[in-house]
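# Structure at a glance
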Amino acid sequence: MIKSLSTRIFIGLFSGLIFGSIIQYLLGDIGFFSGTIVEISSGVGTMFVNMIMMLVVPLVFVSIVCGVLELKDLKSFGRLGGKTFGFYIINTLVAIFAALAVALLLEPGRGVDMSGGTGAVITATELPNLVQLIVNIVPNNPVSAFTSGNMLQVIFMALLVGGVIKSLGGGVPLLVQGFQEGNKLMMKLITVVMQLAPFGVFALMLKLGATLEAEIFVSVLEYLFVILGLLLAWIFIVYPIAVGAFTSVSAKEFRAKTREQILFSLSTASSNATIPVTMRTLTDKLGVKRAVAGFGVPLGATMNMGGVSIYITIAIFFVANAFGAPIAMEQLPALLFSIFLLSVGAGGVPGGGMVMIGVLIHQMGLPVEAFAIVAALDRLIDMVLTSCNVVGDTAVLTIVDSTEKVHDEAAAEGVRVSAKA
């Protein structure tokens, strides 16, 4: 009996992919396997993801409220919020500029003729408006915010509720206790659901292996290798080194403790669905304070999109080069600003990056056919970029927690000095 959950998820992931590939290439002519088995696997995988998503909104709301309540005072909340938000922005910008440097150096798509591709429909055609994005953070209907799963609105309401309860001091002990007990309930529910993860992952990967066509990779291997190489470097080199440089957690230890998170995010391709696993990784394995994790993880799943930034940047350069419309230097400032807004607006759901690339293709006047190339490879890339996003959340919050601990130690030392004086 294998006790390690991450090992069981690993087995489920690869065995599902192997069985799916066998169905596609050896049993594809047998309707029971290519039809019934794949359909059942798709249903089971969808049920598992829905089960996780069912818990995400209440988990996010309760965790953030409890996170605010665990802070010493509201001043601590302002410092923590500003620090987390700032680090997320820096992480996204660094990812964009790194991908830009790689794209300018390697010029993916140069010499490739994609003009004969097939068409596809772009479902969104407008860049996100920054002012409107900020305005929409405040919901006009709290029930709608919960039912639609609008994370920014849920985060806003949780921060407001937590801040008001905190300002009331000890006057509402039953309310505080209610949220604390609710948080325990959510953690227990997540533990129960996660025991089903190996089976859910197996089903998801079987569907992927049975339906993903290998032929679509042949003409775009360079594009694929550039994106995947950069994403994997970010996951296994950049983030671990950053954590090792700014915290007491070594790079090797960080890689080991995020393994379960990486495997889970690979199968779901959803930052939101991985929120419970990210929280477990931070609090149980890396020792990050629940106040930091409770506030930072939902926010990171919404706006800390280092993986999406890399994906969008490389993809748009590839498409522009492959369709004979290379990006000029004078276009770069507007392009980079658009990529930043699109990355933040991508959302933590499967396919979010692909939709945003479609928006950018339209805005830049590139052929609609280009979207077909992006869509063909999106499922594979989306898995890895999701892992990059969630590991980025973990890395940033581990660093934030380390700075908070240093601040707390300095404050405690100041109190001791004052007492002696």
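Residues numbered from 1 in each chain as written. Predicted model: local features only at pLDDT ≥ 70, side-chain atom pairs only at ≥ 80, totals over all residues. Heavy atoms only, no water.

## Some words on the overall build of the protein
For clarity, the cut-off: Helix and strand assignments come from DSSP, with helices taken as H or I runs of at least 4 residues and strands as E runs of at least 2, each series counted from the N terminus. Only protein chains enter the area calculation, which uses a 1.4 Å probe; residues under 20% of their type maximum are buried, those over 50% are exposed, and those in between are partly exposed. Two residues qualify as a contact provided that any one of their heavy atoms is within 4.5 Å of a heavy atom in the partner residue. For the area figures, the Shrake-Rupley method with a 1.4 Å probe applies, and any residue is considered shielded solely by the protein chains shown.
Within the protein, the regular secondary structure consists of 17 helices and zero strands. By residue count, 50% of the 421 residues in the protein fall in the buried class. Pairs at least 24 residues apart make up 84% of the contacts formed inside the protein by residues separated by at least 6 positions. Total accessible area on the protein stands at roughly 18,700 Å², and carbon and sulfur atoms take up 68% of it.

## Examining the side chain of Thr 84
Note the cut-off: Whenever a nitrogen or oxygen atom comes within 3.5 Å of another N or O atom, the pair is scored as a polar contact, on the condition that within protein one atom can donate a hydrogen and the other can accept it, and that pairs from neighbouring residues in sequence are kept only if both atoms are in side chains.
Looking at the secondary structure, you find Thr 84 in helix H3 (residues 74-106). According to the relative accessible area criterion, Thr 84 is buried, its value standing at 0%. A distance of 2.8 Å separates a polar side-chain atom of Thr 84 from the backbone oxygen of Leu 80. Leave out the neighbours within four places in its chain, and Thr 84 touches Phe 295, Gly 296, Leu 299, Leu 397 and Val 400.

## Brief notes about the pattern of salt bridges
Side chains that differ in charge, positive against negative, can pair when their charged atoms come close. Test applied: Throughout this description, the term salt bridge denotes a Lys or Arg side-chain nitrogen within 4 Å of a carboxyl oxygen of Asp or Glu.
For the structure shown, the criterion picks out seven salt bridges. One salt bridge in this structure joins Glu 253 and Lys 257, with 2.6 Å as the shortest N-O distance. Residue Glu 253 and its partner Lys 257 are both found in helix H10 (residues 251-257); the two are separated by four residues, about one turn of the helix. A salt bridge links Arg 280 to Glu 260; the shortest N-O distance between them is 3.3 Å. On the criterion of sequence distance, the pair formed by Arg 280 in helix H12 (residues 275-285) and Glu 260 in helix H11 (residues 259-268) is long-range, its members being 20 residues apart.

## Here's the deal with the environment of Ile 339
Mapped onto the elements of the fold, Ile 339 is located in helix H15 (residues 332-345). The exposure class of Ile 339 is buried, given its relative accessible area of 0%. Along the sequence, Ile 339 and Leu 360 sit 21 residues apart, while their C-alpha atoms lie 8.1 Å from each other. The residues touching Ile 339, leaving out its near neighbours within four places in the chain, are Ile 96, Ser 309, Ile 312, Thr 313 and Leu 360.

## Side note on H11
Counting buried residues in H11 gives nine out of ten residues, a clear majority hidden from the surface. Taken together, the buried positions of H11 are occupied by Glu 260, Gln 261, Ile 262, Leu 263, Phe 264, Ser 265, Leu 266, Ser 267 and Thr 268. Of the residues one or two after H11, Ala 269 is the one with positive phi, at around 55°.

## Digging into empty space enclosed by the protein
Our working definition: Think of a 1 Å grid over just the protein atoms. A cavity is a set of points where a 1.4 Å probe fits yet cannot get out, a pocket is an open set with protein on both sides within 12 Å along at least five of seven lines, and lining residues have an atom within 4 Å of a point. Grid points are joined across faces, edges and corners, and a volume is the space filled by probe spheres set on the points. Residues are grouped as follows: nonpolar covers Ala, Val, Leu, Ile, Met, Phe, Trp, Tyr, Cys and Pro; charged covers Asp, Glu, Lys and Arg; every other residue, Gly included, is treated as polar.
Per the counting criterion, the structure on display carries two cavities of 30 Å³ or more. Lining the largest cavity are Ser 63, Cys 66, Gly 67, Glu 70, Asn 183, Met 187, Met 279, Thr 283, Arg 290, Ala 293 and Gly 294. Residue assignment for the lining of the largest cavity shows that the elements contributing at least two residues are helix H2 (31-70), helix H7 (173-194), H12 and helix H13 (290-303). With four residues, the top contributor of residues to the lining of the largest cavity is H2. Partitioning the lining of the largest cavity into residue classes produces four nonpolar, five polar and two charged.

## Description of the packing of aromatic side chains
Our working definition: Ring pairs are drawn from Phe, Tyr and Trp, using the six-membered ring of Trp, whenever the two centres fall within 6.5 Å, and their geometry is named by plane angle: stacked under 30 degrees, edge-to-face over 60, tilted for the rest.
Applying the stated rule across the entire model yields six aromatic pairs. A ring pair is formed by Phe 32 and Phe 33, whose centres lie 5.3 Å apart and whose planes are at 80°; its orientation type is edge-to-face. Overall, the relative accessible area of 47% leaves Phe 32 in the partly exposed class. Aromatic pair Phe 61 and Phe 146: ring centres 5.3 Å apart, planes at 65°, arrangement edge-to-face. With Phe 61 in helix H2 and Phe 146 in helix H5 (residues 142-148), the pair connects residues that are 85 residues apart, well separated along the chain. Following the ring pairs from residue to residue traces out a cluster consisting of Phe 61, Phe 146 and Phe 179.

## Looking at the side chain of Thr 394
Secondary-structure assignment places Thr 394 in helix H17 (residues 370-420). Relative accessible area serves as the criterion here: at 0%, Thr 394 is assigned to the buried category. Apart from residues lying up to four places away in sequence, Thr 394 is in contact with Phe 254, Thr 258, Gln 261, Thr 278, Thr 281, Leu 282 and Leu 286.

## Thoughts on the environment of Ser 267
In this structure, Ser 267 sits in helix H11. The exposure class assigned to Ser 267 is buried, which follows from its relative accessible area of 0%. Separated by 65 residues in the primary sequence, Ser 267 and Phe 202 have C-alpha atoms spaced 8.4 Å apart. Excluding residues that lie within four positions of it along the chain, Ser 267 makes contacts with Val 201, Leu 204, Met 205 and Arg 379.

## Re the confidence of the model for the protein
This is how it is decided: Per-residue confidence from the predictor is reported as pLDDT, a score between 0 and 100.
Overall, the prediction assigns the protein a mean pLDDT of 81, with 84% of residues at 70 or greater. Note that residues 117-126 has pLDDT below 50 and, in this model, 24 contacts with residues that lie over four places away or in other chains.

## A look at the nonpolar core
Put simply, the rule reads: Take the buried residues of types Ala, Val, Leu, Ile, Met, Phe, Trp, Tyr and Cys, join any two whose side-chain atoms come within 4.5 Å, and each joined set is a nonpolar core.
Core analysis: the biggest nonpolar cluster contains 121 residues, and Met 194, Tyr 223, Tyr 311, Ile 314 and Ile 381 have the highest contact counts within it. If you tally residues by element for this core, the top one is H2, at 15 residues. Those residues in contact with Met 194, other than ones at most four positions away along the chain, are Leu 5, Ile 9, Ile 52, Glu 260, Phe 264 and Val 277.

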